[in-house]
Amino acid sequence: MNSLVLAAEGQPNPVLPHTSEVILGLVAFLLLLWVLKKFAVPRFEATYAERTAKIEGGIEKAEQAQAEAQKTLEQYKEQLAEARAEAARIRDDARAEGLQIIEELREQAQAESARIVAQGQHQLDAQRAQIVAELRADLGRTAVELASKVVGESLEDDTRRRGTVDRFLNELDAVSAPASK
């Protein structure tokens, strides 16, 4: 405590700066403050405002890009749904057309089959008629030969022979027709 009293009695305090240094420091500080406020702070503010604008503009652009991307995605989904519906419609049309073609081919095949059967039946009928005619002629000759051997006389007259053979064959047809039905 004694040393504190001595310092207060007449000697300047070494901790406290001189008044001229305090004034000079205060003037330099105020000058520095004025320079910073005049030149540096407006630049900082402009840079801050510019960065803020860029960030906000970037956010707006990002939101716009996101909105466009969402809109494009929705359009894509709509187009995809339309394409799927179109593909399903085309598949259904193709199936229906395929079934129609199969039905037409089946009808054509049945018509061709019926035509071939009818043609075969016609040929069979023609061959049957030809065979019956040949058999009648053979049977007629055979009957005439047998009759001439049995009767002992020659049946040379064609008209008589034909009449006799036709009568005999008609009687055979009459007898065999009810049996075949």
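Per chain, residues are indexed from 1 in the order of the written sequence. Per-residue local features of the predicted model are confined to residues with pLDDT of at least 70, and side-chain atom pairs are confined, for both listing and counting, to 80 or more; whole-chain, interface and lining totals are unaffected and use all residues. Hydrogens and water molecules were not included; the side-chain quantities draw on all heavy atoms of the structure.

Enquirer: What exactly am I supposed to notice about the overall build of the chain here?
Expert: Secondary structure counts use DSSP, requiring at least four H or I residues in a row for a helix and at least two E residues in a row for a strand, with both numbered from the N terminus. The helix and strand inventory of the chain stands at 3 helices and 0 strands. The N-to-C order of helical and strand elements in the chain reads α-α-α. Across the 181 residues in the chain, those meeting the buried criterion constitute 3%. To sort residues, take the accessible area from a 1.4 Å probe on protein chains only and compare it with the maximum for the residue type: under 20% means buried, over 50% means exposed, and anything in between is partly exposed.

Enquirer: Would you explain a nonpolar patch on the surface in this entry?
Expert: Residues Leu 26, Phe 29, Leu 30 and Leu 33 make up a contiguous nonpolar surface patch of roughly 400 Å² in combined accessible area. Turning to its location among the elements, Leu 30 is positioned in helix α2 (residues 19-151). Of the residues examined, Leu 30 reaches a relative accessible area of 48% and is grouped as partly exposed. To count toward a patch, a residue needs a relative accessible area over 30% and no salt bridge; like charges are then connected within 9 Å, while nonpolar side chains (Val, Leu, Ile, Met, Phe, Trp, Tyr) are connected within 5 Å. Only the protein chains shown count as cover for residues, and the accessible areas themselves come from Shrake-Rupley with a 1.4 Å probe. Here, a salt bridge means any Lys or Arg side-chain nitrogen found within 4 Å of an Asp or Glu carboxyl oxygen.

Enquirer: Just to check I follow, could you spell out the pattern of salt bridges for this structure?
Expert: Two side chains that carry opposite charge are able to pair once their charged atoms sit near each other. Inspection of every chain in the model, using the stated rule, returns 6 salt bridges. Notably, a salt bridge pairs Arg 95 with Asp 92, separated by 3.4 Å at the nearest N-O pair. Separated by 3 residues within a single helix, Arg 95 and Asp 92 lie in helix α2, roughly one turn from each other. Take Arg 95: its relative accessible area is 54%, and that puts it in the exposed class. The exposure class of Asp 92 is partly exposed, given its relative accessible area of 43%.

Enquirer: I tried to follow the confidence of the model for the chain on my own but got confused; where do I start?
Expert: When pLDDT drops low, the exact placement of atoms in the prediction is not to be read closely. Per-residue confidence from the predictor is reported as pLDDT, which spans 0 to 100. Predicted confidence across the chain gives a mean pLDDT of 84, with 86% of residues reaching 70 or more. For the chain, helix α1 (residues 2-9) is the element with the lowest average pLDDT, namely 50, and α2 is the one with the highest, namely 90. We call two residues contacting when some pair of their heavy atoms lies within 4.5 Å. Scored below 50 in pLDDT, residues 1-7 shows 1 contact in the model against residues more than four places distant or in partner chains.

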